[in-house]
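Structure at a glance
The lines below spell out each chain.
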Amino acid sequence: KAVKDFNAGGKWKKGGLYIVAVQLDGTMLAHSANDKLPGKNMFEAKDAGGKPFVQEAIKLVKGSGSGAIDMRWGNPVTKQIADATMFVRRVPGQDVYLGSVVFK
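A short tour of the structure in this document, coming up. Remember, it's a predicted structure, so these values are computed and weren't measured experimentally.

How each quantity is defined
Residues numbered from 1 in each chain as written. Predicted model: local features only at pLDDT ≥ 70, side-chain atom pairs only at ≥ 80, totals over all residues. Heavy atoms only, no water. Salt bridge = Lys/Arg side-chain N within 4 Å of Asp/Glu carboxyl O. Helix = DSSP H or I, 4+ residues; strand = E, 2+ residues; numbered from the N terminus. Buried < 20%, exposed > 50% of the residue type's maximum accessible area, 1.4 Å probe, protein only. Core = buried A, V, L, I, M, F, W, Y, C linked by side-chain atoms within 4.5 Å. Arc of directions from axis to C-beta. Contact = heavy atoms within 4.5 Å.

What follows is about the pattern of salt bridges. Evaluation of the coordinates by the stated rule reveals three salt bridges. A salt bridge links Asp70 to Lys104, with the shortest nitrogen-to-oxygen separation between them at 3.2 Å. You can see Asp70 sitting in strand β4 (residues 66-74) and its partner Lys104 sitting in the segment after β6 (96-103), a full 34 residues away along the chain. Take Asp70: its relative accessible area is 42%, and that puts it in the partly exposed class. Residue class for Lys104 comes out exposed when judged on its relative accessible area of 66%. Where Arg72 meets Asp83, a salt bridge forms, and the shortest distance between an N and an O atom there is 2.8 Å. One end of the pair, Arg72, is in strand β4; the other, Asp83, is in strand β5 (residues 81-90), and eleven residues separate them in sequence.

Below, the discussion takes up the nonpolar core. In terms of nonpolar packing, the biggest core is built from 22 residues, with Phe53, Val54, Met86 and Tyr97 touching the most fellow members. Considering each element in turn, this core owes the most residues, five residues, to helix α2 (residues 53-63). Of all hydrophobic cores here, the second largest spans five residues; its members include Ile19, Ala21, Ala30 and Val96.

Along α2, the positions that sit buried rather than exposed are Phe53, Val54, Ala57, Ile58 and Val61. Down the axis of α2, the buried side of the element spans an arc of 140°, and every buried residue falls inside it. Counted as exposed and oriented over 90 degrees from the buried face of α2: Lys59, Lys62 and Gly63. Along its buried surface, α2 packs onto β2 (17-23), β4, β5 and β6. Remark: Gly65 follows α2 within two positions and exhibits a positive phi of approximately 95°.

Structure, rendered in structure tokens:
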């Protein structure tokens, strides 16, 4: 139910802030700012600086359960590459993490 709600955008997308849900194999379950990404495996994705941010997020949530990753990514409002931070947390009992992306 949460994945469906996230993919609808709405309250889960505000300006340069949005939510993602990703399986620990890298498959995007939900993306509140880009409806073309759910269902795609993003494990090999890199940001504009070459950082494998999905792999870093998976490593982080497997280790400590949560954290933050700085990245350079496309801002859904300006359509420009910009600095952002993705705050990630593993969903208890699931092989999924939730991430909230905030542009600086």
